[in-house]
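Residues per chain, in single letters:
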Amino acid sequence: MAAKFGKDAAKVPFWRRTIPRYPLYQEGDPQLRIFLPRFWMKLIKPKDDARPNVVQFMVHRQMSKVDIKNYLEKIYKVPVLKVSTVVIAEEPQSTNMREPDSRNPMKKPMGKEDTKQAWVVLGEGETFTYPDVLKGRREAEEKKRKDEQDEQKKHKPSWDKADIPEWFR
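Attention here is on the structure that accompanies the text.

1. Concerning unusual backbone geometry
Excluding glycine, a negative phi dihedral is what most residues carry, and trans is how most peptide bonds are arranged.
Right, so step 1: Residues other than glycine seldom take positive phi values, yet Lys-77 does so here, at roughly 55°.
Right, so step 2: Among the secondary structure elements, Lys-77 is positioned in the loop between helix H1 (65-75) and strand S3 (80-88).

Shown next, in the form of structure tokens:
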């Protein structure tokens, strides 16, 4: 991996960067007054209808349950009762269609990196509904699809017309 700091750090994708340990002591022992989190969290829409007080996130792999709880409580002021996490391992894919070369140990199978998901149970009285961002777009697509179906029905040949010979029907 590239250097953690400096000009090479920008070339490493954000999700592959490791979080450097926070310095315990700095010369002069200055008071640090700004909290800038080095982690990231991504809200995920659940596939099934979840309870209204449960929110699902994709989080940085190095975040612990305590980090997730503190992140939400301190930055967004959201009361959190419980945090559950799971690391989802991705299946490795070989570099080509054949199996990886056993003669070359440096040639490892390629694949997506493991992801970490967190389910957060919100405090009492707190609910979350996932916003329907594409509501207007869905309605427009449905109207367009309906118009296309109507057009196809108009141009669909009718076999009951008298101008078609009897033997062709």
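Here the narrative resumes, following the displayed structure.
2. A few points about the packing of aromatic side chains
Right, so step 1: By the definition in use, this model includes 1 aromatic pair.
Right, so step 2: With 6.1 Å between their ring centres and 50° between their planes, Tyr-71 and Tyr-76 make a pair best called tilted.
Right, so step 3: What makes Tyr-71 buried here is its relative accessible area of 13%.
Right, so step 4: For Tyr-76, a relative accessible area of 52% gives the class exposed.

3. As for H1
Right, so step 1: Buried residues of H1: Ile-68, Tyr-71 and Leu-72, and no others. Each buried residue of H1 sits inside an arc of 85° when the element is viewed along its axis, so together they form one side. Relative to its buried face, H1 has exposed residues pointing more than 90 degrees away, namely Val-66 and Lys-74.
Right, so step 2: For H1, the elements touching its buried residues are strand S1 (41-44), strand S2 (54-59), S3 and strand S4 (115-122).
Right, so step 3: The positive-phi residue at the C-terminal boundary of H1 is Lys-77, with phi of around 55°.

Reading guide: rules and limits
Residues numbered from 1 in each chain as written. Predicted model: local features only at pLDDT ≥ 70, side-chain atom pairs only at ≥ 80, totals over all residues. Heavy atoms only, no water. Helix = DSSP H or I, 4+ residues; strand = E, 2+ residues; numbered from the N terminus. Phe/Tyr/Trp six-rings, centres within 6.5 Å; stacked < 30°, edge-to-face > 60°. Buried < 20%, exposed > 50% of the residue type's maximum accessible area, 1.4 Å probe, protein only. Arc of directions from axis to C-beta. Contact = heavy atoms within 4.5 Å.

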